[in-house]
Amino acid sequence: MGATLAATPYRRPELFDGLNTLDLIELCGSMAAAAGPLNLSQPTVSRRYQKISRDFGLNKASRRFLENLHYGETTCIRLLRRAFQSHRLDSSVLRIGSDPLRQGLMDGVRNVLPVPAQFRHARFLHRLVESSILDGALLSSLEIDGLLPGRPQGPDPLGLGEPASGSVAAPPVATPQVDESIVYRKAAKEWHGCLLVPLGCWQLGLVAAPDVDELPPRWSEVLVPPLAWAPGLASAVRQQQWMVRQAPQAFYGSRSQQGLASQQLPCIATASWFAALSCPPRGLRWLELPTPIREQIWLLVNPSTWEQYPTLAELAETIKASIASFMRKTHTGIPKKGGQLVC
């Protein structure tokens, strides 16, 4: 499941059709998966990939290394991707990667092109941003903190709440008018040539079937996203003294309610994902955790595109407001039944 993003009037030049096909194959993970978003048959997608791979000498790479693009890249393709990215950004249109748990933060944003919401390892998301396939990506501190070099903590100039481990933040400069990109840059940190921009903190909870009345006891099983792509979230669940049950990638899609009912297991989730399930179906419950699992949401961007295109800073402001809104709804705005939040 992913959020439904508002339509955008962006028209892609025919020159980039083949490159767009290659990008969607990379983002979806396979030619068969890319057929739906491209509105093409799988054989057509395969033929297009074969043509562009012949024309540019592309070779598929091993999936053992997270930093590899799976369907190949050359210097020429990289230059073409930068040109395609410049055309998007000049049109104030963004291609932002996310996963099902955080995709709802971009609901209704008109300048964001639809990208399949999938769980991807943070290192691979970094590669997608670095290669200009994505203009940005939403990352959780649960997944990113262990990959970053340790840094001293600092104050929180943007009012984002308690900073994530290792975050660096400089005091705000009191000026009548502040360039948002500069303010964010002071609170951001670098990661292998890319920039991590802080957007806000929130708490995760459990989503349970209607007949689940209370939090599971210690050492009970809790559904989590695929471990290969969300190891930090699984570790946080274990710290709650629960056992993790790996859910398939598709579980956090359109059939989540049926999956919860059939397995009778709660799943770890975000408020935005829970809200997307609210109607229909009804009856699912949001259970607050006794020991909160907090995550900082980061926007991973290329520093040069961040500084050149204000659309990215505008998106950051929108997502920051979405996080604050979901935090308010989680604690005060969702009706309660028996002490638990329900939808």
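Presented here is a report on the structure given in the accompanying data block. (Residues numbered from 1 in each chain as written. Predicted model: local features only at pLDDT ≥ 70, side-chain atom pairs only at ≥ 80, totals over all residues. Heavy atoms only, no water.)

**With respect to the overall build of the chain**
Then, number 1: Scanning the chain from N- to C-terminus turns up 12 helices and 12 strands.
Then, number 2: Across the 343 residues in the chain, those meeting the buried criterion constitute 51%.
Then, number 3: A fraction of 70% describes how many contacts in the chain between residues 6 or more apart in sequence connect residues 24 or more apart.
Then, number 4: Accessible area for the chain stands at about 15600 Å²; split by element, carbon and sulfur atoms hold 52% of it. (Helix = DSSP H or I, 4+ residues; strand = E, 2+ residues; numbered from the N terminus. Buried < 20%, exposed > 50% of the residue type's maximum accessible area, 1.4 Å probe, protein only. Contact = heavy atoms within 4.5 Å. Areas by Shrake-Rupley, 256 points an atom, 1.4 Å probe, with all protein chains shown as cover.)

**Brief notes about the environment of Arg81**
Then, number 1: Here Arg81 lies in helix H4 (residues 75–90).
Then, number 2: Here the alpha-carbon distance between Arg81 and Phe16, two residues 65 residues apart in the chain, equals 8.8 Å.
Then, number 3: Ignoring anything within four residues of it in the chain, the contact list for Arg81 reads Leu19, Leu22, Asp23, Leu69, Gly72, Glu73, Ser131, Ser132 and Ile133.
Then, number 4: At a separation of 2.7 Å, a polar atom in the side chain of Arg81 contacts the side chain of Asp23. (Polar contact = N/O pair within 3.5 Å; in protein donor to acceptor, adjacent residues only side chain to side chain.)

**A look at the pairing of strand E10 (residues 293–301)**
Then, number 1: E10 sits mainly inside the fold: 8 of its 9 residues count as buried.
Then, number 2: As judged from the 4 bridges shared by strand E3 (residues 136–140) and E10, these two strands associate in the antiparallel manner. When the bridges of E10 are listed, Ser140 appears paired with Ile297.
Then, number 3: In this structure, strand E5 (residues 194–208) lies alongside E10, joined through 9 bridges in antiparallel fashion. When the sheet's bridge partners are listed, Val197 is paired in E10 with Leu299. (Pairing = 2+ DSSP bridges.)

**Some points on unusual backbone geometry**
Then, number 1: One non-glycine residue, Asn39, adopts positive backbone phi at about 60 degrees.
Then, number 2: Tracing the backbone through its elements, the reader meets Asn39 in the loop between helix H2 (31–38) and helix H3 (42–56).
Then, number 3: By relative accessible area, Asn39 is classed as exposed at 69%.
Then, number 4: Even without glycine at this site, Ser92 takes up a positive phi of about 60 degrees.
Then, number 5: Mapped onto the secondary structure, Ser92 falls in the loop between H4 and strand E1 (94–97).

**A few points about the side chain of His70**
Then, number 1: For His70, the position within the fold is in the loop between H3 and H4.
Then, number 2: What makes His70 buried here is its relative accessible area of 13%.

**Considerations on the pattern of salt bridges**
Then, number 1: Inspection of the entire model under this criterion finds 12 salt bridges.
Then, number 2: Here Glu130 makes a salt bridge to Arg127, at a shortest N to O gap of 3.6 Å. Taken together, the residues span about one helical turn, with Glu130 and Arg127 both in helix H5 (residues 122–130) at a distance of 3 residues.
Then, number 3: Residue classification places Glu130 among the partly exposed positions, given a relative accessible area of 29%.
Then, number 4: Overall, the relative accessible area of 16% leaves Arg127 in the buried class. (Salt bridge = Lys/Arg side-chain N within 4 Å of Asp/Glu carboxyl O.)

**A few points about H5**
Then, number 1: Burial within H5 is extensive, with 7 of its 9 residues counted as buried.
Then, number 2: Buried within H5 we find Ala122, Phe124, Leu125, His126, Arg127, Leu128 and Val129.
Then, number 3: Ser132, located one to two residues past H5, shows a positive phi value of around 70 degrees.

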